[in-house]
Amino acid sequence: MNHGESSIPKINEGTKARYSELLDQWKPLETEGKLLIENAVPTFNKLASEKGVGVLFVK
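Described below are features of the structure shown in this document. Everything quoted here is computed from the prediction, not taken from an experiment.

1. Some words on the overall build of the protein chain
Helix and strand content of the protein chain: one helix and zero strands. When burial is assessed residue by residue, the protein chain has 5% of its 59 residues classed as buried. For the protein chain, the computed accessible surface area is about 5300 Å², with 61% contributed by carbon and sulfur atoms.

Right, dumping it as structure tokens:
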């Protein structure tokens, strides 16, 4: 990815195709990660706090 985003990119068709494949693979993972951070982590933290256990911090 950095190769294709450099200030003087030398992008060939193979790089473009692979970058596109990786973005297609990343999109559902990014969505899943956001859902975990927005839903699962707060739920876990609430339960952990009720049990007196440390919570997760997300930057």
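Read on for the rest.
2. Remarks on the environment of Val58
As for its placement among the helices and strands, Val58 is situated in the segment after helix H1 (13-51). Judged by relative accessible area, which is 43%, Val58 ranks as partly exposed. For the pair Val58 and Glu38, spaced 20 residues apart in the sequence, the C-alpha separation amounts to 10.0 Å. The contact partners of Val58, leaving out residues within four places of it in the chain, are Ile37 and Val41.

3. Re H1
Compared with the 57 Å implied by 1.5 Å per residue over 39 residues, the 54 Å span of H1 between its first and last C-alpha is a close match. Of all the bends found along H1, the most pronounced is centred on Leu36 and spans about 40 degrees. Taken together, the buried positions of H1 are Val41, Asn45 and Ala48. The backbone nitrogen of Gly14 lies 3.1 Å from a side-chain oxygen of the residue at the head of H1, namely Asn12.

4. A closer look at a nonpolar patch on the surface
A contiguous nonpolar surface patch, about 370 Å² in accessible area, is contributed by Tyr19, Leu23, Trp26 and Leu29. Assignment of secondary structure puts Leu23 in helix H1.

5. A word on the pattern of salt bridges
Applying the stated criterion to the full structure yields four salt bridges. Linking Glu13 and Lys16 is a salt bridge whose minimum nitrogen-to-oxygen distance equals 3.6 Å. One end of the pair is Glu13 and the other is Lys16, both in helix H1 and three residues apart, which spans about a single turn. Look at Lys16 and you get partly exposed, because its relative accessible area is 45%.

Criteria and cut-off values
Residues numbered from 1 in each chain as written. Predicted model: local features only at pLDDT ≥ 70, side-chain atom pairs only at ≥ 80, totals over all residues. Heavy atoms only, no water. Helix = DSSP H or I, 4+ residues; strand = E, 2+ residues; numbered from the N terminus. Buried < 20%, exposed > 50% of the residue type's maximum accessible area, 1.4 Å probe, protein only. Areas by Shrake-Rupley, 256 points an atom, 1.4 Å probe, with all protein chains shown as cover. Contact = heavy atoms within 4.5 Å. Expected span 1.5 Å × (residues − 1). Bend = angle between axes of the 7 residues up to and from the residue. Polar contact = N/O pair within 3.5 Å; in protein donor to acceptor, adjacent residues only side chain to side chain. Patch = residues over 30% accessible without salt bridge, like charges linked within 9 Å, V, L, I, M, F, W, Y side chains within 5 Å. Salt bridge = Lys/Arg side-chain N within 4 Å of Asp/Glu carboxyl O.

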